[in-house]
Amino acid sequence: MRQKSRRTWSRHRSALLLTVAGIAVVLLAALSTFIGVSDVSPLSILEGGPDGKAAQLLVVSRLPRTLALVLTGIAMSIVGLIMQMLVRNKFVEPSTTGTAESAALGLLVVTIFAPTLPLFGKMVIAAVFALAGTGLFLLILRRIPVRSIVLVPLVGIMLGGVIGAVTTFFAYRLDLLQTLGTWMTGDFSGILRGRYELLWLALGMTMIAWIAADRFTVVGLGQEFTTNLGLHYGRVLALGLTIVSVVTAIVIVTAGVIPFLGLIVPNIVSIARGDNVRRSIPWVAMLGAGFVLVCDIIGRVLRFPYEIPLGIVVGVIGSVLFLYLLLRRPSRAH
């Protein structure tokens, strides 16, 4: 009886903390919405009315940007969690496995051969390239007999470097370096209404990940264990890789690469909440959205009225946290 009451209290406490985290994310989103060079505040919106400049700017630019930030934070953090479970390594995510670089290569190919293709078509091509790059990464890992916890992301970073070098070479030869730079640097300053809606599809993919969370948890225990429980290891792996590739492609097409986001957030949640994917996903989503919003606010106020791209702020903070996590965990096989 006492143990049951403890479990009930633990669930209530977890729900309360998650609610507080959700309120904090809403407050951060509101703060981010009203930061900018133009005067967009509740007072200016009321004074100008629904047809005023402030209200129009809010609907066309500020709200789409905030929604894009929240959706990106949720989607990329959950994608990082899924990838870590599939690869069975805490230090992998799309920017450390060659997935993001492969998606950028796909975008370069479609820009060269089909520049008039709609945004959705570009996303599909980028997702196919991202899936191929992730598959190549997993194939290379299978050839490595001993996989230390540090070696796996190192292999992914090297693979991403090779793919990135090929992409940069062709972009340079075809005078597309500036276009490539917009994909490789996460920047939300150009997000407007009509330019971010694909991110709702990314949110839908993360909902599928939540439904299949228990399967990803089992897959994280290894192929033999998964098969013994009656699950098809290959199908679950293919589902996870498809979700990772599609979400990564959507984010890069919309705003560019956001490095380390899918690595840092799941690790912080894992330290605090454990490795159960179903229980971790709501926390990963909240922390991911909050982390992106905080980095966005920092980038917008640090050199106000100028703006530092979000990808740079996340990359700097994320790299420091990445080094801390590397030094914190022992280098052992995983």
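Scroll up to find the structure this text is about.
Keep in mind it's a predicted model, so treat the numbers as computed, not measured. (Residues numbered from 1 in each chain as written. Predicted model: local features only at pLDDT ≥ 70, side-chain atom pairs only at ≥ 80, totals over all residues. Heavy atoms only, no water.)

So what exactly am I meant to see when it comes to the overall build of the protein here?
Assigned secondary structure in the protein consists of 14 helices and zero strands. Ordered by position from N to C terminus, the α and β elements of the protein give α-α-α-α-α-α-α-α-α-α-α-α-α-α. Its C-alpha atoms give the protein a radius of gyration of 21 Å, within 12% of the compact-globule value 20 Å for 334 residues. For the C-alpha atoms alone, the extent of the protein along its principal axes is close to 65 × 65 × 35 Å. Taking all 334 residues of the protein together, 50% fall into the buried category. The distance from the centre of the 28 positive side-chain charges to the centre of the 13 negative ones in the protein is 15 Å. (Helix = DSSP H or I, 4+ residues; strand = E, 2+ residues; numbered from the N terminus. Rg over C-alpha atoms; globule rule 2.2 N^0.38 Å. Buried < 20%, exposed > 50% of the residue type's maximum accessible area, 1.4 Å probe, protein only. Lys, Arg positive; Asp, Glu negative; His and termini not counted. Charge placed at Lys NZ, Arg CZ, Asp CG, Glu CD.)

What am I meant to see in the pattern of salt bridges here?
Opposite charge on two side chains allows them to pair when their charged atoms are near. Taken as a whole and judged by the stated rule, the model has three salt bridges. Arg 65 serves as the salt-bridge partner of Asp 296, at 2.7 Å between the closest nitrogen and oxygen. On the criterion of sequence distance, the pair formed by Asp 296 in helix H13 (residues 277-301) and Arg 65 in helix H3 (residues 53-87) is long-range, its members being 231 residues apart. There is no split in this pair, since Asp 296 and Arg 65 are both buried. Between Asp 296 and Arg 300 there is a salt bridge, with the nearest N and O atoms lying 3.1 Å from each other. (Salt bridge = Lys/Arg side-chain N within 4 Å of Asp/Glu carboxyl O.)

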